[in-house]
Amino acid sequence: GAVVSQHPSWVICKSGTSVKIECRSLDFQATTMFWYRQFPKQSLMLMATSNEGSKATYEQGVEKDKFLINHASLTLSTLTVTSAHPEDSSFYICSARDGGRTSYNEQFFGPGTRLTVL
Amino acid sequence: KNEVEQSPQNLTAQEGEFITINCSYSVGISALHWLQQHPGGGIVSLFMLSSGKKKHGRLIATINIQEKHSSLHITASHPRDSAVYICAVRAFRGSQGNLIFGKGTKLSVKP
């Protein structure tokens, strides 16, 4: 199946700093990428949806100035957590939809990035 | 009531047992995904279904669109199958067709 990579897989940072997480589709062009957040023992919560070359669409309650998303190419999207605080500590997962693979646009998930803010 | 319900929430099985995880949904969908999440956190897409049945190795997924129900079966279960299995549906509504996730079924297979 198609591969989606994330980097870094884990990061520890000090409160107030910014952290950038990269998501790449390795063998397909991702027309749409999704960013999710997952709290312990809970399901994935969609943060935002981004289409290549356009601004991301954020879900209600997600601060766009805090979680900056850039989808500059068909294979790369980045999530930057700005001025991180301990409450931003979470598991962040990206997902990419392959617009060309099937008529139903199969969706693939990255391995996730565990962020710990001290 | 959640739009995607999974049962059971937790499941413990002995190695070799046949396992079934169920997923019911209440919205019109274009596709249903079964995902596997291991303790390390990474998610693997097992199946995407819009009708009928798919098989991959020891895993079988079925969907009944009329009854809005899907099942994931694992034959000859093994401890390495221990993970959280998540059902997710792509609803017709909305321009993005974003996935709606179930809460997951935690499977533990004992040797």
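We now turn to the structure provided with this report. (Residues numbered from 1 in each chain as written. Chains lettered and ligands numbered in written order. Predicted model: local features only at pLDDT ≥ 70, side-chain atom pairs only at ≥ 80, totals over all residues. Heavy atoms only, no water.)

1. As for the packing of aromatic side chains
For any pair of aromatic rings, the description rests on two quantities: the centre-to-centre distance and the angle between the ring planes. Worth spelling out the cut-off: Pairing of aromatic rings covers Phe, Tyr and the six-membered ring of Trp, with a centre-to-centre limit of 6.5 Å; geometry is then stacked below 30 degrees between planes, edge-to-face above 60, and tilted otherwise. Every helix listed is a DSSP run of H or I at least four residues long, and every strand listed is a run of E at least two residues long, numbered separately from the N terminus. The cut-offs for exposure are 20% and 50% of the maximum accessible area for each residue type, with area from a 1.4 Å probe on protein chains only; residues under the lower value are buried, those over the upper are exposed, and the others partly exposed.
Enumeration over the complete set of coordinates arrives at six aromatic pairs over all chains. Taken together, a centroid distance of 5.5 Å and an interplanar angle of 55° make the contact between F28 of chain A and F108 of chain A tilted. With F28 of chain A in the loop between strand 3 (19-25) and strand 4 (30-38) and F108 of chain A in strand 10 (residues 107-109), this pair connects stretches of sequence that are 80 residues apart. What makes F28 of chain A buried here is its relative accessible area of 7%. Relative accessible area serves as the criterion here: at 6%, F108 of chain A is assigned to the buried category. Here the aromatic residues F34, Y36 and F109 of chain A together with F101 of chain B are joined through ring pairs into a cluster of three or more.

2. Side note on the interface of chain B and chain A
Our working definition: A contact between two residues is defined here by any heavy atoms of the two lying within 4.5 Å. Under the rule applied, a polar contact is a pair of N or O atoms within 3.5 Å (in protein, one hydrogen donor and one hydrogen acceptor; residues adjacent in sequence only if both atoms are side-chain atoms). Note on residue classes: Ala, Val, Leu, Ile, Met, Phe, Trp, Tyr, Cys and Pro are nonpolar, Asp, Glu, Lys and Arg are charged, and everything else, Gly too, is polar.
Across the contact, 20 residues belong to chain B and 23 residues belong to chain A. Linking chain B with chain A are three residue pairs in polar contact (both at pLDDT 80 or more), by the criterion used here. Of all the elements in the fold, those that place two or more residues in the side of chain B that touches chain A are strand 4 (29-37), strand 5 (43-49), strand 9 (83-91) and strand 10 (99-101) of chain B. Its residues placed into classes, the side of chain B that touches chain A shows six nonpolar, twelve polar and two charged.

3. So, the nonpolar core
Our working rule: Joining through side-chain atoms within 4.5 Å is the link that ties buried Ala, Val, Leu, Ile, Met, Phe, Trp, Tyr and Cys residues into a set, and such a set is a nonpolar core.
Counting 27 residues, the largest nonpolar core has F67 and L115 of chain A as the members making the most contacts within it. Of all elements in the fold, only strand 2 (10-13), strand 3, strand 4, strand 5 (45-51), strand 7 (67-73), strand 8 (76-81), strand 9 (90-98) and strand 11 (113-117) of chain A reach the threshold of two or more residues within this core. Among all residues touching F67 of chain A, those that are not within four sequence positions of it are R37, M47, Y58, V62, L79, T80, V81, D88 and Y92 of chain A. By size, the runner-up hydrophobic cluster in this structure holds 26 residues, among which are A13, I29, L32 and F47 of chain B.

4. Some points on the sheet that holds strand 1 (residues 4-7) of chain A
All names here are of chain A. Convention followed: One bridge is not enough; two strands pair if DSSP finds at least two bridges between them. For helices, the fitted axis covers only the stretch in contact; all axes are lines through C-alpha atoms, and the angles between them, taken along N-to-C directions, range from 0 to 180 degrees.
Pairing is antiparallel in the open sheet, where four strands are placed in the order 1-3-8-7. Taken across any chain shown, the strands that pair with only one partner, and hence form the sheet edges, are strand 1 and strand 7. Ignoring strand direction, the axes of neighbouring strands in this sheet form an average angle of 15°. Bridge count between strand 7 and strand 8: five bridges; the pairing is antiparallel. Directly across from L68, in strand 8, lies its bridge partner T80.

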